[in-house]
Each structure stands twice: as structure tokens, then as C-alpha cells.
Amino acid sequence: MKLLHEDFKTQKIDGEELIHRIIRDNKAVYATLQKEFGNDIFDDKKDLSKKFLQETVLPREPIRQKLASILEVPLIKEVLKEAYHKSKIDKGIIAFDAPLLFDYKFLPWVCFPTITVFNTENALVVKRVAERDNIPLAEASKLVSMPSGLVGRMLKKADIQINNDGDLNNLKYKLVNELASFLL
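The structure presented is a predicted model; accordingly, all values stated were derived computationally and were not measured.

S.K.: Tell me what's going on with the overall build of the protein, and back it up with residues and numbers.
M.R.: Counting secondary structure elements, the protein contains 10 helices and four strands. The proportion of buried residues among the 184 residues of the protein is 39%. Sequence separation of 24 or more characterises 68% of the internal contacts of the protein that already satisfy a separation of 6 or more. Of the roughly 11,600 Å² of accessible surface on the protein, a fraction of 54% belongs to carbon and sulfur atoms.

S.K.: Let's hear about the packing of aromatic side chains: which residues, and what values?
M.R.: Counted under the stated rule, the structure contains two aromatic pairs. Residues Y30 and F42 carry aromatic rings whose centres are separated by 4.2 Å and whose planes lie at 15 degrees to one another, so their mutual orientation is stacked. Highlighted residues: Y30 in helix α3 (residues 27-37) and F42 in the loop between α3 and α4 (50-57), separated in sequence by 12 residues. F42 matches Y30 in its accessibility class, with the two residues each being buried.

S.K.: Requested: an account of the environment of Q11, with residues and values cited.
M.R.: In this fold, Q11 is placed in strand β1 (residues 11-14). We classify Q11 as buried; its relative accessible area is 11%. Along the sequence, Q11 and I89 sit 78 residues apart, while their C-alpha atoms lie 9.3 Å from each other.

S.K.: Any chance you could break down the environment of D97 for me, citing the residues and the numbers?
M.R.: Looking at the element boundaries, D97 is found in strand β2 (residues 94-97). Placed 84 residues apart in sequence, D97 and I13 show a C-alpha to C-alpha distance of 6.1 Å.

S.K.: Hey, could you go over the packing of α3 against helix α5 (residues 61-89) for me, with residue numbers and the actual values?
M.R.: Taken N-terminus to C-terminus, the directions of α3 and α5 make an angle of 170 degrees; their axes are 11 Å apart at the nearest point. Our classification of the angle between α3 and α5 gives roughly antiparallel. Listed contacts from α5 to V29, T32, L33, E36 and F37 of α3 are I63, K66, L67, I70, L71 and P74. Split into classes, the residues belonging to the contact of α3 with α5 amount to eight nonpolar, one polar and two charged.

S.K.: Give me the pattern of salt bridges: which residues, what numbers.
M.R.: A full pass over the atoms with the stated rule returns 10 salt bridges. K66 is the partner of E36 in a salt bridge, and the nearest nitrogen-oxygen pair spans 3.8 Å. One end of the pair, E36, is in helix α3; the other, K66, is in helix α5, with 30 residues separating them in the sequence. What makes E36 partly exposed here is its relative accessible area of 38%. Look at K66 and you get partly exposed, because its relative accessible area is 35%. Of the charged contacts in the structure, one is a salt bridge between E61 and R64, with a shortest N-O distance of 2.1 Å.

Criteria and cut-off values
Sequence order sets the numbering: in each chain, residues are counted from 1 along the sequence as written. At least 70 in pLDDT is required for a residue's local features to be given in this predicted model, at least 80 for side-chain atom pairs to be given and counted, and no such filter applies to totals for whole chains, interfaces and linings, which use all residues. Excluding hydrogens and water, the side-chain figures rest on all heavy atoms present in the structure. Secondary structure counts use DSSP, requiring at least four H or I residues in a row for a helix and at least two E residues in a row for a strand, with both numbered from the N terminus. Each residue is assigned to one of three classes by its accessible area relative to the maximum for its type, calculated with a 1.4 Å probe on protein chains only: buried under 20%, partly exposed between the two thresholds, exposed over 50%. Note on contacts: a residue pair qualifies if any of its non-hydrogen atoms lie within 4.5 Å across the two residues. The protein chains shown are the only cover counted for residues, whose accessible areas, like all others here, come from Shrake-Rupley with a 1.4 Å probe. Centres within 6.5 Å make a pair out of two Phe, Tyr or Trp rings, where for Trp the six-membered ring is used; the pair is then stacked when the planes are under 30 degrees apart, edge-to-face when over 60, and tilted otherwise. Only C-alpha atoms enter the line fits that serve as axes; for helices the fit covers just the stretch in contact. Angles between N-to-C directions range over 0 to 180 degrees. Oblique is the label for any angle not under 35 degrees, not over 145, and not in the 65 to 115 range, which are roughly parallel, roughly antiparallel and roughly perpendicular in turn. Here the term charged refers only to Asp, Glu, Lys and Arg, the term nonpolar to Ala, Val, Leu, Ile, Met, Phe, Trp, Tyr, Cys and Pro, and the term polar to all other amino acids, Gly among them. The salt bridge criterion pairs a side-chain nitrogen of Lys or Arg with a carboxyl oxygen of Asp or Glu, the two atoms within 4 Å.

Written out as C-alpha cells, the structure reads:
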């Protein structure tokens, strides 16, 4: 996402940031999440707990669907509001960073093309996250683990699929090649 924003001059809408805003500003959503999932769904800052998402939500389809049903309508409103404000600033491309929201039904209505950047080597992803976040490999491994089948579903739904097993220049080349018609 950083590459799209900085090198391709896209505007960014961060799905995770929008969810934090909804939870912080919408007391009804916060209360519903607390009732459905307990306090473990929140971290110390009253945001969604990444640990809870990784260990409880992502691996379990019924729980992911429950979370989606609570967040989807408020999230649609936030995405549309944010896209409207971004479009007023610049008529260029708006990149919506929302990997955890890929299964949400509204994304195809507000996102085109949908792009999935993936790696075939999990060890490479772990190494990159460890270096980026300056954390041990074991901790990075926990952060990047994806439930079985989720990446496959993301690839199946994506309009553009980009393998990121190469270096940064290779990724830039692939992005330019795939996005050329949208950027011109």
C-alpha cells in the first residue's frame, strides 16, 4: 500500500483506520461488539485487538461473518464518506487498503479494480514483516499467519493478482504493468 501511495501518487483509505474510527465514535457499534464478543475483542486502547482478530476471528468463518454483520453498514458509510472527501481533493486513484475486509459484500461496489498482492513463500513475508517492524521472526510469524483458504478466496475475488516473491523493483514493474490502463 505504501508503494501505491508514494510511488503512484494514489490517495489512501485505510480500512483498519476506518474500523477504529467507527468503534471509537459509534457507541452502539462498540456496545454490540462488546456484547457479542466480550472485552477480549478490544485492546488496551479500546480498539480491535489484533491478537483477537488473528486467533479468534480470522480462523472461524461464523465469527468473521458475525463481525462483518456488525461492522458492514457503518463501514459502508465511512468508506463512501472518505471516498467523497478524497475525490474532492484530487480526481486521481484512491487505494482502499482493506485485506481483512475482503469478504465484505460491499467492496466490489466501491473498489475497482481489486488487487491482491500475495506471496507464495510464507518465510519471505515473515522476514519482511520482522525487518519492517523491527521484531523477532517468531513474533512476525504470528502477525502474518492467515487462515487456510483466506488467501485463495482473496485471489479468486481479485480483479488483479500480483505475486510479490521478488524484490521491490519487481513489484513496481508488475504494478505499473497491471495498472497502466487505470493510471493513464
